[in-house]
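# Summary of the model geometry
Each chain is listed here by its residues.
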Protein chains: 2
Amino acid sequence: MTAEIVSVGTELLLGQIVDRNAATLGVLFAECGVIHRHRQTVGDNLDRLVEALRFALSRSDLVVTIGGLGPTQDDLTRDGIAAALDDDLVLDEAVVTHLKEVFARRGLAWVESNTRQAMRPRSGSIIPNPNGTAPGLVCRKAGKIVIALPGPVNEFDPMLETSVRSLLEALGGGQVLLSRTLRIAGMGESLVEARLGDLMESQNPTVAPYAKTAEVHLRLTARAVDRIGAIALLDPVEEAIRGRLGDAIYGVDDETLEYAVVTALQKHRATAAVAESCTGGLLGGRLTAVPGSSEVFLGGVIAYANAVKERMLGVPRSILDTDGAVSERCAAAMATGAREAFNSDYALSITGIAGPDGGSDAKPVGLVYLGIATPTGVTVHEQKFRGRRETIRDRAAQYALLLLRRALLERDRRS
Amino acid sequence: MTAEIVSVGTELLLGQIVDRNAATLGVLFAECGVIHRHRQTVGDNLDRLVEALRFALSRSDLVVTIGGLGPTQDDLTRDGIAAALDDDLVLDEAVVTHLKEVFARRGLAWVESNTRQAMRPRSGSIIPNPNGTAPGLVCRKAGKIVIALPGPVNEFDPMLETSVRSLLEALGGGQVLLSRTLRIAGMGESLVEARLGDLMESQNPTVAPYAKTAEVHLRLTARAVDRIGAIALLDPVEEAIRGRLGDAIYGVDDETLEYAVVTALQKHRATAAVAESCTGGLLGGRLTAVPGSSEVFLGGVIAYANAVKERMLGVPRSILDTDGAVSERCAAAMATGAREAFNSDYALSITGIAGPDGGSDAKPVGLVYLGIATPTGVTVHEQKFRGRRETIRDRAAQYALLLLRRALLERDRRS
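Residues numbered from 1 in each chain as written. Chains lettered and ligands numbered in written order. Predicted model: local features only at pLDDT ≥ 70, side-chain atom pairs only at ≥ 80, totals over all residues. Heavy atoms only, no water.

## Some thoughts on the overall build of chain A
Across its full length, chain A holds 14 helices and 17 strands. Projecting the C-alpha coordinates of chain A onto the three principal axes gives extents of approximately 80 × 55 × 40 Å. In chain A, which comprises 415 residues, the share counted as buried stands at 58%. For chain A, long-range pairs separated by at least 24 residues make up 67% of all intrachain contacts whose partners lie at least 6 apart in sequence. Taking the average location of the 46 positive side-chain charges in chain A and that of its 51 negative ones, the two points are 2 Å from each other. (Helix = DSSP H or I, 4+ residues; strand = E, 2+ residues; numbered from the N terminus. Buried < 20%, exposed > 50% of the residue type's maximum accessible area, 1.4 Å probe, protein only. Contact = heavy atoms within 4.5 Å. Lys, Arg positive; Asp, Glu negative; His and termini not counted. Charge placed at Lys NZ, Arg CZ, Asp CG, Glu CD.)

What follows is the structure, given as structure tokens:
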């Protein structure tokens with residue numbers, strides 16, 4: 001089974017959008033043993049879209065389009081597929097009914113142009129879109145298959161998992177490429193590589209490091225006849241890597257650092273709270289991104305103004321006057337204050353200078369104090385993060401999560 | 001002058017790399033007035049590369065390849081271009097000399113395979129690569145132009161600026177394409193289109209809508225002989241669009257909704273605070289992402305646990321017991337409580353069910369109550385957001401920002 005992607009959208013050609021959906025789908029092709037040899041990108045132009053689809057159908061068994069399924073006049077993918085398959089467009093009443101329900105539920109006025117989204121080639125069937133109005137399509141005609149998927153990431157990604165993966169697995173067969181990502185925090189890329197040494201030369205699975213913000217991801221990719229065989233290749237190499245990196249590996253595949261932290265808190269039936277200044281809620285936002293975090297995360301104070309640090313976290317005015325808000329003692333007082341205010345087992349605090357303004361020689365942009373209050377006391381870490389405001393804030397939140405994870409690992413060792 | 005990109009690399013098809021170089025080049029095409037209609041992506045396979053290049057040359061005046069210029073056996077772009085142009089490969093002695101100097105300077109042993117990087121089609125000339133060993137190429141034959149650029153970002157980006165931009169400007173024929181994005185919140189894509197009507201048919205500038213999470217972006221793109229001329233085309237159309245969409249347009253180009261809100265607060269010398277339950281800090285995180293937000297944003301309470309809503313925001317226990325935490329009255333009490341606790345002019349509250357668990361028939365996943373307390377009172381809005389936990393949280397934070405923006409616009413009208 002050979003597959004080809006046709007990405008649709010003038011914004012892609014103008015470079016206003018980077019085509020990450022095509023990469024995501026490329027990974028899925030590999031995982032399902034579908035051979036991916038060509039990709040085309042065209043703008044919102046019917047003639048060129050039809051030309052691209054016909055060319056793709058002439059050399060590939062499966063063509064997957066991304067984008068152009070919206071309600072507007074420049075959403076032409078449905079029309080293009082019908083033309084390329086010499087098929088006609090029909091109105092799918094079931095979709096119309098569904099769309100009208102969605103609009104009603106959202107309290108939005110029904111606009112007739114939305115019926116465009118209910119059109120499909122006669123040979124096509126609907127792929128449900130749980131997160132948007134534009135459904136996907138699967139068309140089978142003359143031994144060829146065309147799948148159409150919407151462009152918005154929050155619609156595209158879930159549809160891959162709920163519908164497209166099983167479809168492709170059925171079409172694939174033969175060889176399977178399976179990847180597993182080991183997520184590492186608190187250890188730099190070069191040290192990771194040094195520790196792994198010969199393991200980096202492994203051929204099947206291959207082992208490739210990717211540097212992320214304050215993390216390193218190791219991608220193991222195995223080639224085998226089926227999923228079971230690939231897993232049998234991945235497992236021993238993962239075990240060997242864990243033997244060399246130990247606790248630095250906090251998660252696998254999509255397990256984020258916040259997920260690891262929330263899971264560890266749940267395991268210990270421990271609770272946490274946060275006190276954030278320069279991150280302004282990013283840390284709480286990441287912890288609460290984890291489903292079920294409400295069991296262990298009580299809440300936090302976004303203490304942006306000094307008065308808030310004083311009033312809601314009990315930071316002594318004397319510390320703010322003498323050491324200032326960005327100081328070791330303030331971070332300690334914020335963590336202790338949050339732990340008391342929320343009556344939690346653990347509390348994290350972050351206070352620093354995210355920039356671009358507000359820095360000085362004594363306290364440059366990027367200087368951040370991170371505190372952690374535990375049942376056994378409070379400790380503060382000084383960090384100097386590089387980068388733009390956004391990066392400094394991300395690194396600070398990441399580092400705070402790392403502190404809590406370490407405290408919980410320590411608790412594991414003691415118990 | 002029509003141009004086409006051919007991205008080369010099996011890693012692109014496998015999705016191991018996202019093709020951001022193609023997007024970067026797409027932007028440059030637009031800036032130089034080069035018309036970009038097609039993009040192809042192929043793996044490291046000579047036959048398919050030659051096929052893609054021949055097809056590109058058959059319909060485009062200019063073809064730019066990205067990647068496949070390295071020293072290894074699977075770097076085939078030079079060979080592919082020569083074949084597609086019916087040209088032969090010759091060794092460029094000047095490049096050999098340069099490469100040997102580079103290796104000597106870096107103290108590296110000369111490897112004969114590097115002479116591959118000194119090969120070029122006879123019709124080609126060299127584009128210097130200041131940051132790598134693989135030079136770029138410009139080939140002119142039979143009225144067609146082929147440019148070859150290396151894939152690594154740290155080599156690709158500088159070469160665009162040092163050499164390729166001037167080349168494209170010359171080829172672009174004194175035409176520039178200038179884009180301007182009008183950012184719209186609180187109005188659906190189909191309604192935006194209905195309001196704009198005939199303006200959507202505008203040819204120069206073109207007007208294209210893009211749906212984002214709880215936003216619509218309208219991209220105006222003008223073609224003119226120079227930047228001034230393009231601006232002269234954009235301005236009246238923007239004015240006409242503003243006449244029909246009014247306040248729904250909150251920003252231009254990179255101005256985010258949080259930026260618009262912070263700016264409006266600064267203009268009114270007004271302060272704001274937040275009380276977040278299901279968003280857990282996302283709203284504060286977005287507001288504090290804006291440099292200078294500390295002037296107007298005092299802070300917030302991440303009130304995840306009910307006890308926190310009660311203790312830190314003064315939500316009456318009776319409301320939590322009778323209506324529950326996800327209720328209109330709780331949202332109102334949270335907003336009022338935050339406004340008092342932080343002594344701010346405005347306070348936003350968010351309480352809802354982000355899922356995936358915790359929903360019921362009476363209170364389904366996606367049900368969110370958003371409150372805003374202002375100097376003139378408190379109002380609460382009930383919303384039912386669709387999508388995954390992440391999307392529901394993003395939409396809730398977005399809607400809260402919209403509420404504050406509307407309140408500040410109202411204040412404009414009164415003053």
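Let us keep going from here.
## Let's talk about the packing of aromatic side chains
Residue and element names in this part refer to chain A. Within the structure shown, the criterion is met by seven aromatic pairs over all chains. On the basis of an interplanar angle of 75° and a centroid distance of 5.2 Å, the ring pair of phenylalanine 103 and tryptophan 110 is categorised as edge-to-face. A residue is classified by how much of its surface remains accessible, and phenylalanine 103, at 6% relative accessible area, is buried. The exposure class of tryptophan 110 is partly exposed, given its relative accessible area of 25%. (Phe/Tyr/Trp six-rings, centres within 6.5 Å; stacked < 30°, edge-to-face > 60°.)

## Let's talk about the domain arrangement of chain A
All names here are of chain A. Along its sequence, chain A is carved into domain 1 (2–171), domain 2 (176–252) and domain 3 (257–414). Inter-centroid distance (C-alpha atoms) of domain 2 to domain 3 is 30 Å. The interface of domain 2 with domain 3 comprises eight residues on the first partner and 10 residues on the second. Between domain 2 and domain 3, roughly 750 Å² of surface is buried when both sides are summed, and carbon and sulfur atoms account for 53% of that area. Interface area lost by domain 2 to domain 3 is led by Thr213, Asp247 and Tyr250, which between them contribute 58%. Across the contact surface, domain 2 and domain 3 share one salt bridge. We note a salt bridge from arginine 413 to aspartate 247, for which the minimum N-O separation is 2.7 Å. Remark: the boundary between domain 2 and domain 3 carries four residue pairs in polar contact (both at pLDDT 80 or more). Here the side of domain 2 that touches domain 3 is composed, by residue class, of four nonpolar, two polar and two charged. (Domains from an automatic or database assignment. Buried area = accessible area lost by both parts, 1.4 Å probe. Salt bridge = Lys/Arg side-chain N within 4 Å of Asp/Glu carboxyl O. Polar contact = N/O pair within 3.5 Å; in protein donor to acceptor, adjacent residues only side chain to side chain. Nonpolar A, V, L, I, M, F, W, Y, C, P; charged D, E, K, R; others polar.)

## Things to note about the interface of chain B and chain A
Listed as interface residues are 73 residues of chain B and, on the opposing side, 73 residues of chain A. Carbon and sulfur atoms supply 55% of the area that chain B and chain A bury against each other, a total of about 5900 Å² over both sides. Considering only the side of chain B, the residues that lose the most area to chain A are Leu13(B), Arg39(B) and Arg386(B), jointly responsible for 11% of the buried surface there. The interface formed by chain B and chain A contains two salt bridges. Across the pair Arg59(B) and Glu51(A) runs a salt bridge whose closest N-O atoms are separated by 3.3 Å. There are 32 residue pairs in polar contact (both at pLDDT 80 or more) connecting chain B and chain A. Its residues assigned to classes, the side of chain B that touches chain A shows 31 nonpolar, 23 polar and 19 charged. Strand direction decides the pairing type here: strand E14 (residues 297–303) of chain A and strand E14 (residues 297–303) of chain B, joined by five bridges, are antiparallel. Directly across from Ala303(A), in E14(B), lies its bridge partner Gly299(B). (Pairing = 2+ DSSP bridges.)

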